[in-house]
Amino acid sequence: MVDHQPGENLKITVEKMNFFYGPVQALFEINMNIPEKKVTALIGPSGCGKSTFLRSLNRMNDIIDGTRLEGKVLIDEKDIYSPLSDVVELRKKVGMIFQKSNPFPKSIFDNIAYGPRIHSVKDKGKLMEIVESCLIKAALWDEVKDRLDQSAMGLSGGQQQRLCIARALAIEPEVVLMDEPASALDPKSTLKIEDLINELKREYTIIIVTHNMQQAARVSDYTAFFYEGHLIEFGATEQIFTNPNQKQTEDYITGRFG
């Protein structure tokens, strides 16, 4: 297994992970070390296990009946599948951005204040600080600062996705999972999301599922190639795209299959 570079801190360690939907095995013996404050892209054809793997990092698969995980997922050296693990705390630490933007049918302000309010922030001034800070981080503040009391449903698709990123940041996660965050967006909005990912990795560990090879090459530091539930290759993005160790990886990246 390719490891992270010397001098980088590990954030997530996955050891011998097998994942099942009922009797069907979706992931096989996955081992991966994900470094802190870097972008790791997960690539591979549809149905290869990328999203299942991503959702296992904040236990989102738990909500599906009959799923089962074997092996270990350690975040900051703590096993998130241990019986002592607090799932609410885990999901506060590991935020999630979905493929389709899903703002609440509330005001822009209330979308972002929602998480902090659940975690007992009641002071209006403090909430305003959080809302402003997260919208600035999500590169959206200048576009919406004069209409915070208006419905988030009135924003464009690209703005809604950045709002969802701001909302995820409001509960101060350390890891941000992104499941094809730009696949439904036009090229201009996609570029804004990619620029944003580059900015966010200064503060957050980011793991992104993408079908877009060029996007993976542009935004990520590390790339993991999945095929039929197996992790075929994991390494520095530049190496994976220019000199992969596995022929399967090369065939996928050059478009010979998948």
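All values reported here derive from a predicted model rather than from experimental measurement.

Asker: Kindly report on the side chain of T13, identifying the contributing residues and their values.
Answerer: Assignment of secondary structure puts T13 in strand β1 (residues 10-21). For T13, the residues in contact, after removing those within four places along its chain, are M32, N33, K72, V73 and L74.

Asker: Account for the pairing of strand β8 (residues 205-209), with residues named and values stated.
Answerer: When you tally the buried positions in β8, you get 5 out of 5 residues, the bulk of the element. Inspection of the sheet shows strand β3 (residues 39-43) paired to β8 by 4 bridges, in the parallel sense. When the sheet's bridge partners are listed, V39 is paired in β8 with I206. Sheet topology note: the strand β7 (residues 175-179)/β8 ladder contains 5 bridges and is parallel. Counted as the bridge partner of D179 is V209 from β8. For the handedness criterion, the β-α-β arrangement of β7, helix α7 (residues 187-200) and β8 is classed as right-handed.

Asker: Outline unusual backbone geometry, listing residues and values.
Answerer: Unlike most non-glycine residues, E180 shows phi in positive territory, near 45 degrees. Along the chain, E180 falls in the loop between β7 and α7. Positive phi, close to 50 degrees, is recorded for E228, a residue that is not glycine. Along the chain, the position of E228 falls in the loop between β9 (222-227) and β10 (230-236). For E228, a relative accessible area of 54% translates into the label exposed.

What counts, and at which threshold
Residues numbered from 1 in each chain as written. Predicted model: local features only at pLDDT ≥ 70, side-chain atom pairs only at ≥ 80, totals over all residues. Heavy atoms only, no water. Helix = DSSP H or I, 4+ residues; strand = E, 2+ residues; numbered from the N terminus. Contact = heavy atoms within 4.5 Å. Buried < 20%, exposed > 50% of the residue type's maximum accessible area, 1.4 Å probe, protein only. Pairing = 2+ DSSP bridges. Right-handed = clockwise from strand over helix to strand, strands pointing away.

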